[in-house]
Amino acid sequence: IGNNALDGVLQVDKANISTILAMTNFKNDKIYGHADGRIILTGTVDSIRNAEFSDKESTLNLLQNGLLDTVRVKAKLNINDGTAAGYAINNVDVDMELKDSVLNINSFRGSEGTAGNFAAKGSINLKNDIKAEVSLNDIDTGMLAGIGGLAMPVSGKINGALQCGGTIDNPVVDMSVEAFD
């Protein structure tokens, strides 16, 4: 306890996704379901021992200010029977690692509805560069609109490929999209 070290494994069994996201100060009102898997925490918390921040301080701000540079989080989770903006999502496999303020998305893939699937991989340096790819196949446009907060009805399906770059403060997205009924 006196050495400020983190070294442990959280075994996740039917954990509420909203609760997991709340631990990172990420407010979620769009994605629901339960996750199974493991979250490994290692590193030290020396840099935050004497730091002053409010309960409202976001985890992203703590990361960008270097207060969590010595913390490493590795998560391998599976989500089944979830929803995103009211649309069914299943077989969502998440393999991510946060180390040195860089979020590496080794694999993030899953299915939407009966035929849709999505995937993402890449890295997001929370202090600098973004290098990520996202693919969408046969995804219901209503789900994307709902996640994005669009309050009007939308119908149809979408295929797409997104290349994400730039920086955390100035992101750039190149995309190719095909919409259909």
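For the structure, see preceding data.
On a predicted model such as this, the values are computed, not experimentally measured, just so you know. (Residues numbered from 1 in each chain as written. Predicted model: local features only at pLDDT ≥ 70, side-chain atom pairs only at ≥ 80, totals over all residues. Heavy atoms only, no water.)

As for the environment of Val73
- Relative to the assigned elements, Val73 resides in strand β3 (residues 71-84).
- By relative accessible area, which is 23% here, Val73 ends up partly exposed.
- Put simply, Val73 and Gly43 are 30 residues apart on the chain and 8.7 Å apart in space, counted from C-alpha to C-alpha.
- Other than its neighbours up to four places away in sequence, Val73 contacts Ile39, Ile40, Leu41, Met96, Glu97 and Leu98. (Helix = DSSP H or I, 4+ residues; strand = E, 2+ residues; numbered from the N terminus. Buried < 20%, exposed > 50% of the residue type's maximum accessible area, 1.4 Å probe, protein only. Contact = heavy atoms within 4.5 Å.)

Topic: the sheet that holds strand β4 (residues 87-99)
- On the basis of which strands lie adjacent, the open sheet formed by 9 strands has the order β1-β2-β3-β4-β5-β6-β7-β8-β9 and antiparallel pairing. Two strands close off the open sheet at either side, each with one partner strand: β1 (5-16) and β9 (171-180). On average, each strand axis in the sheet is inclined to that of its neighbour by 5°, with strand direction left out of account.
- Where strand β7 (residues 130-140) meets strand β8 (residues 157-166), 7 bridges bridge the pair, whose relative direction is antiparallel. For Asp140, the partnering residue across the bridge sits in β8 and is Lys157. (Pairing = 2+ DSSP bridges. Axes fitted to C-alpha atoms, helices over the stretch in contact; angles between N-to-C directions.)

Some thoughts on the packing of aromatic side chains
- This structure, assessed with the given rule, holds 1 aromatic pair.
- With a centroid separation of 5.9 Å and 40° between ring planes, the pair formed by Phe108 and Phe118 is classed as tilted. Here the residue Phe108 occupies a position in strand β5 (residues 102-112), and Phe118 occupies one in strand β6 (residues 116-125), the gap between them amounting to 10 residues.
- Judged by relative accessible area, which is 26%, Phe108 ranks as partly exposed. (Phe/Tyr/Trp six-rings, centres within 6.5 Å; stacked < 30°, edge-to-face > 60°.)

A few points about the side chain of Thr141
- Assignment of secondary structure puts Thr141 in helix α4 (residues 141-147).
- A polar side-chain atom of Thr141 sits 3.2 Å from the main-chain carbonyl oxygen of Ser155.
- With residues near it in sequence (within four places) discarded, Thr141 still touches Val154, Ser155, Gly156, Lys157 and Ile158. (Polar contact = N/O pair within 3.5 Å; in protein donor to acceptor, adjacent residues only side chain to side chain.)

What to know about the pairing of β6
- Summarising the sheet, β5 and β6 pair through 9 bridges and their orientation is antiparallel. Looking across to β6, one finds that Leu103 is bridged to Ile124.
- Hairpin connection, β5 to β6: the antiparallel pair is bridged by 3 residues, and Gly113 has positive phi, about 60°.
- Where β6 meets β7, 8 bridges bridge the pair, whose relative direction is antiparallel. Bridging across to β7, Ile124 finds its partner in Ile130.
- Here β6 folds back onto β7 in antiparallel fashion, the turn holding 4 residues.

Details of the environment of Asp140
- Looking at the secondary structure, you find Asp140 in strand β7.
- It is 8.0 Å that separates the C-alpha atoms of Asp140 and Gly113, two residues lying 27 residues apart in sequence.
- Not counting chain neighbours up to four residues away, the residues in contact with Asp140 comprise Tyr87, Glu112, Gly156 and Lys157.

Notes on the pattern of salt bridges
- Taken as a whole, this structure holds 3 salt bridges when the rule is applied.
- Close ionic contact of Lys76 with Asp95 constitutes a salt bridge, the shortest N to O distance being 3.9 Å. Of this pair, Lys76 sits in strand β3 while Asp95 sits in strand β4, placing them 19 residues apart in sequence.
- Residue class for Asp95 comes out buried when judged on its relative accessible area of 17%. (Salt bridge = Lys/Arg side-chain N within 4 Å of Asp/Glu carboxyl O.)

Looking at the pairing of β4
- Looking at chain direction, β3 and β4 are connected through 10 bridges and run antiparallel. Looking at β4, one finds that Thr83 is bridged to Ala88.
- The hairpin formed by β3 and β4 contains 2 residues between the paired strands, and Ala85 there has a positive phi angle of roughly 55°.
- Between β4 and β5, which pair antiparallel in sequence order, lie 2 residues; one of them, Asp100, sits at a positive phi of approximately 55°.

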